[in-house]
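Here is what each chain is made of, one letter per residue.
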Amino acid sequence: QVQLVESGGGLVQAGGSLRLSCAASGRTFSSYAMGWFRQAPGKEREFVAAISWSGGSTYYADSVKGRFTISRDNAKNTVYLQMNSLKPEDTAVYYCAAGRSIVVVSTVWSYWGQGTQVTVSS
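Below: a short report on this structure.

Conventions we followed
- Along each chain, numbering runs from 1 in the same order as the chain's sequence is written.
- In view of the model being predicted, local features appear only for residues whose pLDDT reaches at least 70, and side-chain atom pairs are presented and counted only at 80 or more, with totals across whole chains, interfaces and linings using the full set of residues.
- Side-chain figures throughout are based on the complete set of non-hydrogen atoms in the structure, without hydrogens or water.
- Strands are runs of DSSP state E lasting at least 2 residues, helices are runs of H or I lasting at least 4, and numbering of each runs from the N terminus.
- C-alpha atoms define the radius of gyration in this analysis, and the globule rule sets the expected value at 2.2 Å times the number of residues to the power 0.38.
- For every residue, the accessible area obtained with a 1.4 Å probe (protein chains only) is divided by the maximum for its type, and the residue is called buried under 20%, exposed over 50%, and partly exposed between those limits.
- Here a residue-residue contact requires only that any non-hydrogen atoms of the pair lie within 4.5 Å.
- In short, Shrake-Rupley with a 1.4 Å probe defines the accessible areas, and a residue's cover is counted only from the protein chains shown.
- Asp and Glu count as negative and Lys and Arg as positive, but His and the ends of the chain are not part of the count.
- A charged residue contributes its charge at one atom only: NZ of Lys, CZ of Arg, CG of Asp or CD of Glu.
- Pairing between strands is defined by DSSP: at least two bridges between them are needed.
- Here an axis means a line fitted to C-alpha atoms, over the contact stretch when the element is a helix, while the angle between two N-to-C directions is reported on a 0 to 180 degree scale.
- In this description, a nonpolar core means a group of buried Ala, Val, Leu, Ile, Met, Phe, Trp, Tyr and Cys residues linked to one another through side-chain atoms lying within 4.5 Å.
- Under the rule applied, a polar contact is a pair of N or O atoms within 3.5 Å (in protein, one hydrogen donor and one hydrogen acceptor; residues adjacent in sequence only if both atoms are side-chain atoms).

### A look at the overall build of the chain
- The helix and strand tally for the chain stands at zero helices and eleven strands.
- Counting from the amino terminus, the chain carries its helices and strands in the arrangement β-β-β-β-β-β-β-β-β-β-β.
- In summary, the chain has a C-alpha radius of gyration of 13 Å against a globular reference of 14 Å for 122 residues, a match within 12%.
- Viewed in the frame of its principal axes, the chain has a C-alpha envelope of about 40 × 25 × 25 Å.
- Counting only residues that meet the buried cut, the chain has 43% of its 122 residues in that class.
- Counted over contacts in the chain with a minimum sequence separation of 6, partners at least 24 positions apart contribute 58%.
- Taken as a whole, the chain presents about 6,200 Å² of accessible surface, with 48% of it coming from carbon and sulfur.
- Across the chain, the 11 positively charged side chains and the 7 negatively charged ones have centroids separated by 7 Å.

Encoded structure:
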């Protein structure tokens, strides 16, 4: 069992930056791939980024590639999402997820956090 708690969301102007954190409980954190998804009002939850259990492999949605960076610290049971050059279309609730495989389909991931709101003003 893994429990996830996101933090770091907020209101930022376009072009600004935010860093999201996801703290995980449980001693098996380092054995899970970790991902970030987001969901805007009226839209489906979409894949943003993911990182392998070791941190050696990372994956990004085309819409955030070059602007967002995912990383993890297994000693702190925490995964991060550094978001730069934010755009109004990045506005969404951002969710952290843990799973055994890295896939863009949200339903495959095993554990989810409660989400943190990111709002980018124009």
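### A word on the side chain of Ser-21
- Among the secondary structure elements, Ser-21 is positioned in strand S3 (residues 18-24).
- Judged by its relative accessible area of 16%, Ser-21 falls in the buried class.
- Ignoring anything within four residues of it in the chain, the contact list for Ser-21 reads Val-5, Glu-6, Ser-7, Trp-36, Thr-78, Val-79 and Tyr-80.

### Regarding the sheet that holds strand S8 (residues 78-83)
- A sheet is described by the order of its strands in space; here four strands give the open sequence S1-S3-S8-S7, paired in antiparallel fashion. Of all strands in the sheet, those bounded by a partner on one side alone are strand S1 (4-7) and strand S7 (68-73). The sheet shows a mean angle of 15° between the axes of neighbouring strands, direction not considered.
- Looking at chain direction, S3 and S8 are connected through six bridges and run antiparallel. What sits directly across from Leu-20, in S8, is Leu-81.

### A short note on the pairing of S3
- Within S3, five of the seven residues are buried, which leaves it mostly tucked inside the rest of the structure.
- Pairing of S1 with S3 involves four bridges; the strand directions are antiparallel. Looking at the pairing, Val-5 lines up with Ala-23 of S3.

### Notes on unusual backbone geometry
- For Asn-77, which is not a glycine, the phi torsion comes out positive at approximately 55°.
- Looking at the secondary structure, you find Asn-77 in the loop between S7 and S8.
- Notably, Ser-85 is not glycine yet its phi reads approximately 50°, a positive angle.
- Relative to the helices and strands, Ser-85 resides in the loop between S8 and strand S9 (92-99).
- Exposure remark for Ser-85: the relative accessible area of 41% places this residue in the partly exposed category.

### Points about the nonpolar core
- The biggest cluster of nonpolar side chains holds 36 residues, and the ones touching the most others in it are Leu-4, Met-34, Trp-36, Leu-81, Met-83 and Tyr-94.
- Contributions of two or more residues to this core are made by S3, strand S4 (33-39), strand S5 (46-51), S7, S8, S9 and strand S11 (116-121).

### Here we look at the side chain of Thr-116
- Counting through the fold element by element, Thr-116 comes out in strand S11.
- Here the side chain of Thr-116 touches Gly-9 through a polar contact of 3.2 Å, landing on its backbone nitrogen.
- If we ignore the near neighbours within four places in the chain, the residues touching Thr-116 are Glu-6, Ser-7, Gly-8, Gly-9, Leu-20, Ala-92, Val-93 and Tyr-94.

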